[in-house]
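Reading the structure
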Amino acid sequence: MLSSLFEGNMSLVATVGILFAFFATVLLLWKCKDKLPRDIGRDFAVDGKLSAGKPRGAGFLFVLIFVAAALLFAPIEVEWIIYLLLVSASMLTGFLDDCAKHPWGEYKKAVLDLIIAIMVAVTYINYHGTTVTFLTTGTSLTLPVWLFGLLTVVLVWASINVTNCADGVDGLSATLTTITLLSFYILNAILGQESTFNYLLLLFMACLLGYLWHNATPSTMLMGDAGSRAMGTLIAIAALISGRPFVYLLFAVVLMVDGGIGLVKVALLRFLKIRILKNTRTPLHDHVRKVSGWSNTQAVFRFAIIQIVVSAAVIYMVVIK
């Protein structure tokens with residue numbers, strides 16, 4: 001909106017937008033923390049009971065600020081509005097679960113995630129087709145619509161759920177998501193792609209940093225499913241917009257391993273009666289804290305360091321190629 005009024009000062013408008021996203025998040029979370037639902041703690045998580053009583057569902061607020069900042073400060077097109085709606089839908093499904101007296105069942109949430117994933121796939125294919133580029137070789141391949149759509153649905157659904165599962169340590173999932181989105185931002189900038197979407201990534205990262213102001217150890221509030229599901233959706237969209245969706249496996253490798261191991265472990269046991277990793281607690285952040293003796297701060301920093309190193313290596317490979 002403001003970008004259309006101040007076309008000659010786009011850089012100033014963009015800068016103000018980033019500052020707005022950060023400071024509005026910090027202030028709104030501080031002002032509204034008493035209005036958020038309270039966490040009941042988790043018996044199965046390491047130190048899960050320490051979260052009991054803290055405001056939960058902060059993701060509802062920082063996603064709303066992100067959407068407001070995008071509409072105010074970014075040059076918005078129909079495609080981006082659709083993605084904003086889908087990120088908001090992911091947030092709402094999580095927030096309604098956060099507020100529910102009885103948590104929603106796994107299958108109900110899985111179906112809702114599937115619907116969102118299908119809508120992301122349809123939107124992306126409509127605007128960009130089904131061509132993927134491989135990062136290592138630079139070669140492109142056009143996939144059949146059904147195959148590209150299926151892979152996209154898997155990507156979005158998996159991204160939502162591994163990001164959600166990785167949310168269990170103060171500052172961890174928001175920090176990893178910031179690193180992942182920054183990695184896509186840098187990759188897109190190097191490749192000269194999608195400057196408007198890149199700006200949306202910056203706005204979302206500013207909101208996450210505003211949230212981390214309150215969530216760094218020891219946290220005073222939690223994002224809940226409202227935040228983690230929205231983050232997972234945006235990460236998947238970022239992977240698609242880059243034109244190199246398989247790079248998700250590297251740019252989000254820590255989120256994928258931390259949250260994904262538990263999903264695979266439970267799925268194999270529930271549907272195939274196969275037991276794996278019997279001596280490994282999941283999510284992995286629980287294992288390193290309970291078994292390896294890491295503190296919360298060590299878990300966040302070490303997981304973040306691993307992701308930074310992997311992302312830096314991938315980006316360097318693109319630069320010198």
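Presented here is an overview of the structure given in this document. Keep in mind it's a predicted model, so treat the numbers as computed, not measured.

Some details on the overall build of the protein chain
- Along the backbone of the protein chain there are 13 helices and two strands.
- The C-alpha atoms of the protein chain give 19 Å as radius of gyration, which agrees with the globular expectation for 321 residues (20 Å, within 12%).
- When its C-alpha atoms are laid out on the principal axes, the protein chain stretches across 55 × 45 × 35 Å.
- Scored against the burial criterion, the 321 residues of the protein chain give a buried share of 51%.

A closer look at the pattern of salt bridges
- Per the counting criterion, the structure on display carries eight salt bridges.
- The salt bridge partner of R229 is D113, with a shortest N-O separation of 2.6 Å. On the criterion of sequence distance, the pair formed by R229 in helix α9 (residues 224-241) and D113 in helix α5 (residues 106-128) is long-range, its members being 116 residues apart. Each member of the pair R229 and D113 is classed as buried.

A few points about the packing of aromatic side chains
- With the rule as written, the count across this model stands at 13 aromatic pairs.
- Between F22 and F23, the aromatic rings sit 4.9 Å apart at their centres with planes inclined by 80 degrees, giving edge-to-face as the arrangement.
- With a centroid separation of 6.2 Å and 80 degrees between ring planes, the pair formed by F62 and F204 is classed as edge-to-face. With F62 in helix α3 (residues 58-73) and F204 in helix α8 (residues 195-215), the pair connects residues that are 142 residues apart, well separated along the chain. Take F62 and F204: they sit in the same class, and that class is buried.
- Pairwise contacts between aromatic rings join F62, F66, F204 and Y211 into one cluster.
- For the cation-ring pair, K108 lies above W104, with the distance from its terminal atom to the ring centre recorded as 4.1 Å.

Side note on helix α6 (residues 145-165)
- Between the first and last C-alpha of α6 there are 30 Å, a value that for 21 residues agrees with the 30 Å anticipated at 1.5 Å per step.
- Where α6 is concerned, the buried positions are F148, G149, T152, V153, L155, V156, S159, I160, N161, V162, T163 and N164.

Points about unusual backbone geometry
- With omega at -5 degrees, the peptide bond leading from T217 into P218 counts as cis.
- Residue placement: P218 occurs in the loop between α8 and α9.
- Geometrically, the link from T282 to P283 is a cis peptide bond, its omega value of -5 degrees lying close to zero.
- Assignment of secondary structure puts P283 in the loop between α11 (253-272) and α12 (284-290).
- One non-glycine residue, K273, lies in the positive phi region at around 60 degrees.
- Residue classification places K273 among the exposed residues on the basis of a relative accessible area of 65%.
- If you check the backbone angles, L277 has positive phi at about 50 degrees while not being a glycine.
- Summarising the element assignment, L277 is placed in the loop between α11 and α12.
- For L277, a relative accessible area of 41% puts it in the partly exposed group.

Notes on the nonpolar core
- L181, F197 and F204 are the most contacted members of the largest nonpolar core, which totals 86 residues.
- In terms of residues, this core owes the most to one element, α8, which gives twelve residues.
- In contact with F204, not counting residues within four places along its chain, are F62, V63, F66, L181, M231 and L234.

Quick word on the packing of α11 against helix α13 (residues 296-320)
- Interaxial distance between α11 and α13 falls to 8 Å at its minimum, and their mutual angle equals 135 degrees. Judged by the inter-axis angle, α11 sits oblique to α13. Here V253, V254 and D258 of α11 lie close against α13, whose contacting residues are F303, I306, Q307 and V310.
- Its residues assigned to classes, the contact of α11 with α13 shows five nonpolar, one polar and one charged.

Criteria and cut-off values
Residues numbered from 1 in each chain as written. Predicted model: local features only at pLDDT ≥ 70, side-chain atom pairs only at ≥ 80, totals over all residues. Heavy atoms only, no water. Helix = DSSP H or I, 4+ residues; strand = E, 2+ residues; numbered from the N terminus. Rg over C-alpha atoms; globule rule 2.2 N^0.38 Å. Buried < 20%, exposed > 50% of the residue type's maximum accessible area, 1.4 Å probe, protein only. Salt bridge = Lys/Arg side-chain N within 4 Å of Asp/Glu carboxyl O. Phe/Tyr/Trp six-rings, centres within 6.5 Å; stacked < 30°, edge-to-face > 60°. Lys NZ or Arg CZ within 6 Å of the ring centre and 35° of its normal. Expected span 1.5 Å × (residues − 1). Core = buried A, V, L, I, M, F, W, Y, C linked by side-chain atoms within 4.5 Å. Contact = heavy atoms within 4.5 Å. Axes fitted to C-alpha atoms, helices over the stretch in contact; angles between N-to-C directions. Parallel < 35°, antiparallel > 145°, perpendicular 65-115°, else oblique. Nonpolar A, V, L, I, M, F, W, Y, C, P; charged D, E, K, R; others polar.

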